[in-house]
Amino acid sequence: MEEVFPREEVDLFSESYSDESRFQYCGQELRITQNYGARLGVAAPVWEAAIALCDYFEEQKFDFRGKKVIELGAGTGIVGILAILLGANVTITDLPKTLKQIRQNVAANVPPACSAKTQVCALCWGEDQEDFPRDYDLILGADIVYLQDTYPALLRTLQHLCSSRATIYLSSKMRQGHGTVDFYQRLLPLHFNVNLVYRKEEEDINIYKVTLRADS
């Protein structure tokens, strides 16, 4: 983990404990539990890139009503939960070990009336994507571009999920030394149109709007 995050961030995961944080977006209060510990590791916290993506949707007055959405590498599920509360039908995905935390946050924030619009599923990039349909309107990911070894599998997953009707929004901390810039400037453009739509300079976070290339 130290290869990805500074020492002070690794220390977050040295002990097991839970913490609830509250966020206000688009008139909705989100109560998000973060289960810190070695088991979840980097999946435990709400990362800055997820907050930036929620900020972006609020600033843009983004209309999720009736949209079919999938969130990749959801961690706490904060982005997908916001989309549910704003009217979308959402599938929230991550590795199996993370699903308990996501379900805990869904139960705390999503009213029973919206439960039919919510799914929480395991998705291992490069392996399980063909179990999912190709009819999503929106594909969301916050801070999922940080380990170079995962990039080929992530690209295969995005290629499968993204039809010509879909739009992908990816929010990333532009970490040095982990190929994040290369992913957006060289790898992703091989198959997708990639446009920077938002930058949070003080935190070095970019949000990209991505669509399938016509020749892919």
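Refer to the structure above for everything that follows.
Because the structure is a prediction, the values reported are computed rather than measured. (Residues numbered from 1 in each chain as written. Predicted model: local features only at pLDDT ≥ 70, side-chain atom pairs only at ≥ 80, totals over all residues. Heavy atoms only, no water.)

Colleague: Where do I start with the sheet that holds strand S7 (residues 167-173) in this structure?
Modeller: Strands belonging to one sheet form pairs held by backbone hydrogen bonds; the direction of such a pair is parallel or antiparallel. Spatially, the 7 strands line up as an open sheet ordered S5-S4-S3-S6-S7-S9-S8, and their pairing is mixed. Each edge of the open sheet carries a strand with a single partner, namely strand S5 (118-122) and strand S8 (192-200). Strand-to-strand twist across the sheet, computed as the mean angle between neighbouring axes with direction ignored, equals 20 degrees. Sheet analysis places strand S3 (residues 68-72) next to strand S6 (residues 138-142), joined by 4 bridges and oriented parallel. In the sheet register, Leu72 faces S6, and the bridge partner there is Gly141. Packing of helix H2 (residues 48-59) onto the sheet brings it into contact with S6, S7, S8 and strand S9 (205-212), and relative to S7 it is tilted by some 135 degrees. Contacts from helix H6 (residues 180-187) reach S7, S8 and S9 within the one sheet, and its direction differs from that of S7 by about 150 degrees. (Pairing = 2+ DSSP bridges. Helix = DSSP H or I, 4+ residues; strand = E, 2+ residues; numbered from the N terminus. Axes fitted to C-alpha atoms, helices over the stretch in contact; angles between N-to-C directions. Contact = heavy atoms within 4.5 Å.)

Colleague: Sorry, what's going on with the pattern of salt bridges here?
Modeller: Pairs can form between side chains of opposite charge whenever their charged atoms are close. For the structure on display, the rule yields 14 salt bridges. With its nearest N and O atoms 2.9 Å apart, the salt bridge here joins Glu201 to Arg199. Assessed through its relative accessible area of 34%, Arg199 is described here as partly exposed. Via salt bridges that share partners, Glu20, Arg22, Glu29 and Arg31 belong to a single interconnected network. (Salt bridge = Lys/Arg side-chain N within 4 Å of Asp/Glu carboxyl O. Buried < 20%, exposed > 50% of the residue type's maximum accessible area, 1.4 Å probe, protein only.)

Colleague: Mind showing me how you'd approach the packing of helix H5 (residues 151-161) against H6 here?
Modeller: For any two helices packed against each other, the geometry comes down to the angle between their axes and how far apart the axes lie. Look at H5 against H6: their axes get within 12 Å of each other, and the N-to-C directions meet at 45 degrees. Judged on the interaxial angle alone, H6 and H5 are oblique. Handedness of the crossing formed by H5 with H6: right-handed. Of H6, the residues touching H5 (which contributes Tyr151, Leu154 and Leu155) are Thr180, Phe183 and Leu187. (Parallel < 35°, antiparallel > 145°, perpendicular 65-115°, else oblique. Left-handed = near helix turned anticlockwise from the far one by under 90°.)

Colleague: Explanation requested: the pairing of strand S4 (residues 89-94) in the structure shown.
Modeller: Sheet faces and side chains relate simply in a regular strand, where the side chains alternate between the two faces. Of all 6 residues that make up S4, 5 are buried, and the element is covered over most of its length. Assessed by its sense of winding, the connection that carries the chain from S3 through helix H3 (residues 78-85) to S4 is right-handed. Judged from the 5 bridges that link them, S4 and S5 form a sheet pairing that is parallel. Each bridged residue has a counterpart across the sheet, and for Asp94 the counterpart in S5 is Ala122. Of the crossover connections in this fold, the one passing from S4 over helix H4 (residues 99-109) to the parallel S5 is right-handed. (Right-handed = clockwise from strand over helix to strand, strands pointing away.)

Colleague: Help me understand H6 in this model?
Modeller: Residues lying three or four places apart along an α-helix face the same way, a consequence of the helix completing one turn every 3.6 residues. Within H6, the full set of buried residues consists of Thr180, Phe183, Tyr184 and Leu187. Buried residues along H6 cover an arc of 120 degrees about the axis, so they all sit on one side. (Arc of directions from axis to C-beta.)

Colleague: Before we go on, may I ask you to explain the packing of H2 against H3 in this structure?
Modeller: With their axes 9 Å apart at the nearest point, H2 and H3 run at an angle of 20 degrees to one another. In terms of orientation, H2 and H3 fall into the roughly parallel class. Crossing handedness for the pair H2 and H3: right-handed. Listed contacts from H3 to Ala50, Leu53, Cys54 and Phe57 of H2 are Ile78, Val79 and Leu82. Residues belonging to the contact of H2 with H3 are distributed by class as follows: 7 nonpolar, no polar and no charged. (Nonpolar A, V, L, I, M, F, W, Y, C, P; charged D, E, K, R; others polar.)

Colleague: What is the right way to read the nonpolar core from this model?
Modeller: One broad trend across soluble globular proteins is that nonpolar side chains are buried collectively. In this structure, Leu30, Phe57, Phe64, Ile78 and Val79 are the most contacted members of the largest nonpolar core, which totals 40 residues. Counting only elements with at least two residues in this core, the list comes to strand S1 (17-25), strand S2 (28-36), H2, H3, S4, H4, S6 and S9. The residues contacting Phe57, other than those within four sequence positions of it, are Phe62, Phe64, Val79, Leu140 and Tyr169. If you look at the next biggest cluster of nonpolar residues, it comprises 28 residues, including Ile139, Leu161, Tyr184 and Val210. (Core = buried A, V, L, I, M, F, W, Y, C linked by side-chain atoms within 4.5 Å.)

Colleague: Just to check I follow, could you spell out the environment of Phe192 for this structure?
Modeller: Position of Phe192 relative to the elements: it lies in strand S8. Separated by 76 residues in the primary sequence, Phe192 and Ala116 place their C-alpha atoms 32 Å from one another.

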